[in-house]
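# Observations on the model geometry
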Amino acid sequence: SKSVDTLFNSQRQNYGSSPPFSVKDKVRAVCFDEIVQLVTMECPEQGALLLRVRDELSTACDTYKTLYESSVTFGIQKMLDMRHEKENYVSRIDDLEREKKDLLGQVKLLKTDITKAKKTEFTKRGNEMKKYKVELKRLRERNDLIKEGLEKWLVHGHNDVVDCVL
């Protein structure tokens, strides 16, 4: 019992209040060995059964430790994989944000170009309409002059009309 206390206290000083698995196993093994010795002194058959129980418990504990360690390893590997994947996603998000910003800039430039083109076309159309109106007015005036000249020619004769038209 003193050896268990000494082992437990020395490990507690090294690791704080909760000793690691190996120390707990050592403490458990020492305690079980002492119990086996006491029982074997009184009844050897019960001692032999207790040894078999100890061996089975030891095998079960070793199996659980192996399972625990492989689970921890698997969990750490998955965590590292997820961190790497997260970094990839963050990088992809940053790239997409930059691309979005560039595309929004292009959209803004295109909208500005469209607005300028509309204004230019509106101005061109207005100027063309003015030219057409001036030309139409000139043609109507000329048509009216020709019409007057033709009417005079029909009424007065053809010598006076030539002077009016030209």
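Every value quoted in this text rests on a predicted model; they were computed, and no experiment measured them. (Residues numbered from 1 in each chain as written. Predicted model: local features only at pLDDT ≥ 70, side-chain atom pairs only at ≥ 80, totals over all residues. Heavy atoms only, no water.)

## Some points on the overall build of the protein chain
- Across its full length, the protein chain carries four helices and zero strands.
- Considering the protein chain as a whole, with its 166 residues, one finds that 7% of them fall into the buried category.
- Summarising the internal contacts of the protein chain: among those between residues at least 6 apart in sequence, 28% fall at separations of at least 24.
- A total accessible area of about 14,800 Å² is found for the protein chain, and carbon and sulfur atoms account for 59% of it. (Helix = DSSP H or I, 4+ residues; strand = E, 2+ residues; numbered from the N terminus. Buried < 20%, exposed > 50% of the residue type's maximum accessible area, 1.4 Å probe, protein only. Contact = heavy atoms within 4.5 Å. Areas by Shrake-Rupley, 256 points an atom, 1.4 Å probe, with all protein chains shown as cover.)

## Quick word on helix α3 (residues 44-156)
- Helix length check: α3, at 113 residues, gives a terminal C-alpha distance of 161 Å against a target of 168 Å (1.5 Å per residue), a fit within 8%.
- With its phi angle positive at about 120°, G157 sits one or two positions after the end of α3. (Expected span 1.5 Å × (residues − 1).)

## A closer look at the pattern of salt bridges
- Across all of its chains, the model carries seven salt bridges by this definition.
- Two residues, D55 and R54, come together in a salt bridge whose shortest N-O distance is 3.6 Å.
- For D55, a relative accessible area of 41% corresponds to the partly exposed category.
- Residue class for R54 comes out partly exposed when judged on its relative accessible area of 27%.
- In this structure, K65 engages D62 in a salt bridge whose closest nitrogen and oxygen atoms are separated by 3.8 Å. Taken together, the residues span about one helical turn, with K65 and D62 both in helix α3 at a distance of three residues.
- Given the relative accessible area of 22%, K65 is considered partly exposed.
- The exposure class assigned to D62 is partly exposed, which follows from its relative accessible area of 41%.
- By sharing partners, the salt bridges in this structure join D33, R54 and D55 into a single network. (Salt bridge = Lys/Arg side-chain N within 4 Å of Asp/Glu carboxyl O.)

## Here we look at a nonpolar patch on the surface
- A cluster of nonpolar side chains, namely Y68, V72, I76, M79 and L80, defines an oily patch on the protein surface of about 430 Å² accessible area.
- Looking at the secondary structure, you find M79 in helix α3. (Patch = residues over 30% accessible without salt bridge, like charges linked within 9 Å, V, L, I, M, F, W, Y side chains within 5 Å.)

## Some remarks on the confidence of the model for the protein chain
- Confidence in the prediction for the protein chain averages 86 pLDDT; 82% of positions are at 70 or higher.
- Confidence, read as mean pLDDT per element, is least for helix α4 (residues 158-165) in the protein chain (53) and greatest for α3 (94).
- Contacts for the low-pLDDT stretch residues 15-19, under 50 throughout, to residues beyond four places or in other chains number seven contacts. (pLDDT = per-residue confidence, 0-100.)

## Some points on a negative patch on the surface
- Judged by side-chain charge, E141, D144, E148 and E151 come together as a negatively charged surface patch.
- On the secondary structure map, D144 appears in helix α3. (Lys, Arg positive; Asp, Glu negative; His and termini not counted. Charge placed at Lys NZ, Arg CZ, Asp CG, Glu CD.)

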